[in-house]
Protein chains: 2
Amino acid sequence: MATPDDYRARIGAAGERLTPAERRVATTVLDDPRAVGFGTVAELADRAGVGVGTVVRLADRLGYRGFTELQRAVRRDLARQLRPAVERIRDGRPDPDAVADHIELQLDNVRATLEAADPGMLARVADRLADLERPVAVLSGDASTGVARHLLDQLTALRPGVVAVDGNAVAVARTLAVLPPDATLLVVDLRRYDRWVVDTARDAAERGWSVVAVTDGELSPLAAVAADVFVVTAASLGPFDSHVGTLALGDLLVAMTARRLAASAAERLDAVERQWQLRRSLTLD
Amino acid sequence: MATPDDYRARIGAAGERLTPAERRVATTVLDDPRAVGFGTVAELADRAGVGVGTVVRLADRLGYRGFTELQRAVRRDLARQLRPAVERIRDGRPDPDAVADHIELQLDNVRATLEAADPGMLARVADRLADLERPVAVLSGDASTGVARHLLDQLTALRPGVVAVDGNAVAVARTLAVLPPDATLLVVDLRRYDRWVVDTARDAAERGWSVVAVTDGELSPLAAVAADVFVVTAASLGPFDSHVGTLALGDLLVAMTARRLAASAAERLDAVERQWQLRRSLTLD
DNA sequence: CTCGATCCGGAACATGATTTCCAGCGTACA
DNA sequence: TGTACGCTGGAAATCATGTTCCGGATCGAG
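Keep in mind that this is a model prediction, so the values were computed, not measured.

1. Points about the interface of chain A and chain B
Here comes step 1: Contacts between the two partners involve 80 residues from chain A and, on the opposite side, 76 residues from chain B.
Here comes step 2: Buried area between chain A and chain B, summed over both chains or domains, comes out near 6,700 Å², and the portion from carbon and sulfur atoms is 65%.
Here comes step 3: Linking chain A to chain B there are zero salt bridges.
Here comes step 4: The interface formed by chain A and chain B holds eight residue pairs in polar contact (both at pLDDT 80 or more) in total.
Here comes step 5: Counting only elements with at least two residues in the side of chain A that touches chain B, the list comes to α1 (7-14), α2 (20-31), α3 (33-38), α6 (67-82), α8 (99-116), α10 (145-158), α12 (195-206) and α14 (244-279) of chain A.

Okay, structure coming up:
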């Protein structure tokens, strides 16, 4: 909840105009506002590895009268965060677009989705995703394309043998045909289940694949065909289901998989990194 | 949560021994510790309606060396409450598959991201996304492809004139060239900013487009070129940044846009629905 | 009613922090 | 290569804040 006088905005606005040393201070401030709210100029300067003068100059540059005023701004912000939730929610305007409700809802989606995940099942699935002998295929309904893609990208970064199942009917058939019968199929689809997704999943299950479903209820048709089922909570105030919980679950699976792949994944990530550096495709930061 | 040196406990222990005026101060301290953590002796004394001497005497009576030490104790306590989830988790045991830690972290990501979003900016951006006169282009870095895709899909379902900016350099150039100069560009990219994404965004801004950035810090190069910047919190225990907060923010924007488009979007959604029914591409549920 | 003890508020003082200012250093440009 | 400019760190000056201390007020006991 930004204030008319949000120090973060000021840092953003000052943006590129900052000198290297000032930027180090700014980064430190953004990184840990507590260091500013509670500490002294000398402490902050020390932490950022600069002289006290630089700290004061940064405050000036941001339009504050001096460090003291910057500190006041940061403290106001911290104090707001400390306020009990009820109070915080109230201080928005009389709920025009109900941001507070969205927050509550999304928090609930994440919490409910992750809490509902059985630890044993999580471990089993992560084991399978980390099993380099078995290829992994990712399949999703139309509404889940984005999150499935995200999951796919991350798994691909971690290990070889990850493929997307999509495109036209011919492509899907070919993908399925090519993979060995001990492959793992990760299928994501909510509510208005796409027929072809369910059919494809059933097909894969019949071929003997391990099918892992991420869907929105035990009664989902996907639950019937999958060996492991994660149930996500997708409540939303908008017209579409929320996939925030789904993504949180995906992240968890990815993290668990990464841990299992420790060495080989690090190596793989390094290789990607080297390519990036080589091509200069990332900005220097 | 209790520290060996919890000021609350000390006040409780001193309990009855306090004089009336001291008690007023103690009550004020318990009531709103922020007044102590952030304020000065004079302020606290004023707020409690006592003299500065009394405040100092209370600190003495509680066994602190003076007000300064009491303030330190209170600040330590406040600082703990303010700690981001990553930090809170880190100082516990490094639990490997700890689902609870992930929950904690992702909740924090969602909360921090949505709370940091300025209501005014949200409204402004939603207005623009709902402006059917202006086309919307969506651009994203490699790591954000999935969430950007999700956002794109949902916006497309709500309104016409939404395009993805991706593919090869030629395709990007064409996309940019074709769109009118009052278009809106929604760009999503975190940390290791892809150079071409930043360049493209800058280009769009120079053409006069409204650039809305979703990125991970005020000092992100995207923040420098965008008119509106949303800062997401992306802490993660895995090897990749978490995009859960990003997605939650996207959902919020989509919901706000949908509300503004009320009638026309409903019509559009109905049209999609009719097509689905017609093709029997959804399972009956 | 008077005395004494305790409590309290505020002024003077001391401490510690911030600000101001300057000199050194690196760098870009001629 | 020389020069000018901007950046930086730190020392001295200035300011704010905590602490100490004292005079006055209140209350109860004798």
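So much for the structure itself; the text now carries on.
2. Notes on the packing of aromatic side chains
Here comes step 1: Applying the stated rule across the entire model yields one aromatic pair over all chains.
Here comes step 2: With a centroid separation of 5.4 Å and 10° between ring planes, the pair formed by F38 of chain A and F38 of chain B is classed as stacked. Taken as a pair, F38 of chain A in helix α3 and F38 of chain B in helix α3 (residues 33-38) lie in two separate chains rather than in one. Accessibility classification places F38 of chain A together with F38 of chain B in one group, the buried group.
Here comes step 3: The lysine or arginine in question, R10 of chain A, covers the ring of Y64 of chain A, its NZ or CZ lying 4.1 Å from the ring centre.

3. As for the protein's contact with DNA strand D
Here comes step 1: In the neighbourhood of DNA strand D, 16 residues make up the surrounding shell, with T19, A21 and T54 of chain A together with V41 and F67 of chain B lying closest.
Here comes step 2: Of all atoms in DNA strand D that approach within 4 Å of the protein, 71% are sugar or phosphate atoms.
Here comes step 3: Within the side chain of T54 of chain A, a nitrogen or oxygen atom sits 2.8 Å from a phosphate oxygen of DNA strand D.
Here comes step 4: Here a base nitrogen of DNA strand D sits 3.4 Å away from a polar atom, N or O, in the side chain of R57 of chain A.
Here comes step 5: Listed by contribution, the elements that provide at least two residues to the surface near DNA strand D are α2 and α5 (52-61) of chain A together with α6 (67-82) of chain B.
Here comes step 6: When residues in the surface near DNA strand D are grouped by element, the largest group, four residues, is from α5 of chain A.

4. Concerning the sheet that holds strand β5 (residues 228-231) of chain B
All names here are of chain B.
Here comes step 1: Here we have five strands laid out as an open sheet, ordered β2-β1-β3-β4-β5, and parallel in their pairing. Every other strand in the sheet has two partners, leaving β2 (162-164) and β5 as the edge strands with one partner each. Direction aside, neighbouring strands of the sheet carry axes that sit 20° apart on average.
Here comes step 2: Pairing of strand β1 (residues 136-140) with strand β3 (residues 184-188), which is carried by five bridges, proceeds in the parallel orientation. By the bridge assignment for β3, S140 is matched with V188.

5. Considering the sheet that holds strand β5 (residues 228-231) of chain A
Residue and element names in this part refer to chain A.
Here comes step 1: What the five strands build is an open sheet, ordered β2-β1-β3-β4-β5; its pairing is parallel. With one partner strand each, in any of the chains shown, β2 (162-164) and β5 form the two edges of the open sheet. Pairwise comparison of adjacent strand axes, ignoring direction, gives a mean angle of 15° for this sheet.
Here comes step 2: In this structure, strand β1 (residues 136-140) lies alongside β2, joined through three bridges in parallel fashion. By the bridge assignment, V136 is partnered in β2 with V162.
Here comes step 3: On top of the sheet, α12 reaches β1, β3 (184-188) and β4 (210-215); it is set at about 155° to β1, its chief contact.

6. With respect to the environment of L185 of chain B
Here comes step 1: Mapped onto the fold, L185 of chain B is located in strand β3.
Here comes step 2: Residues L185 of chain B and T54 of chain B lie 131 residues apart in sequence; the distance between their C-alpha atoms is 59 Å.

7. Some remarks on the domain arrangement of chain A
Here comes step 1: Domain boundaries in chain A define domain 1 (7-82) and domain 2 (101-260).
Here comes step 2: Placing a centre on the C-alpha atoms of domain 1 of chain A and another on those of domain 2 of chain A gives a separation of 43 Å.

8. Brief notes about the protein's contact with DNA strand C
Here comes step 1: V41 and F67 of chain A together with T19, A21 and T54 of chain B are the nearest of the 16 residues found near DNA strand C.
Here comes step 2: The contact in question runs from a phosphate oxygen of DNA strand C to an N or O atom on the backbone of F67 of chain A, over 2.9 Å.
Here comes step 3: Measuring from a phosphate oxygen of DNA strand C, one finds a side-chain N or O atom of T68 of chain A at 3.0 Å.
Here comes step 4: Of all the secondary-structure elements, those providing two or more residues to the surface near DNA strand C are α6 of chain A together with α2 (20-31) and α5 (52-61) of chain B.
Here comes step 5: Counting residues per element, the surface near DNA strand C draws most heavily on α5 of chain B, which supplies four residues.

Conventions adopted
Residues numbered from 1 in each chain as written. Chains lettered and ligands numbered in written order. Predicted model: local features only at pLDDT ≥ 70, side-chain atom pairs only at ≥ 80, totals over all residues. Heavy atoms only, no water. Contact = heavy atoms within 4.5 Å. Buried area = accessible area lost by both parts, 1.4 Å probe. Salt bridge = Lys/Arg side-chain N within 4 Å of Asp/Glu carboxyl O. Polar contact = N/O pair within 3.5 Å; in protein donor to acceptor, adjacent residues only side chain to side chain. Helix = DSSP H or I, 4+ residues; strand = E, 2+ residues; numbered from the N terminus. Phe/Tyr/Trp six-rings, centres within 6.5 Å; stacked < 30°, edge-to-face > 60°. Buried < 20%, exposed > 50% of the residue type's maximum accessible area, 1.4 Å probe, protein only. Lys NZ or Arg CZ within 6 Å of the ring centre and 35° of its normal. Near = heavy atom within 4 Å. Pairing = 2+ DSSP bridges. Axes fitted to C-alpha atoms, helices over the stretch in contact; angles between N-to-C directions. Domains from an automatic or database assignment.

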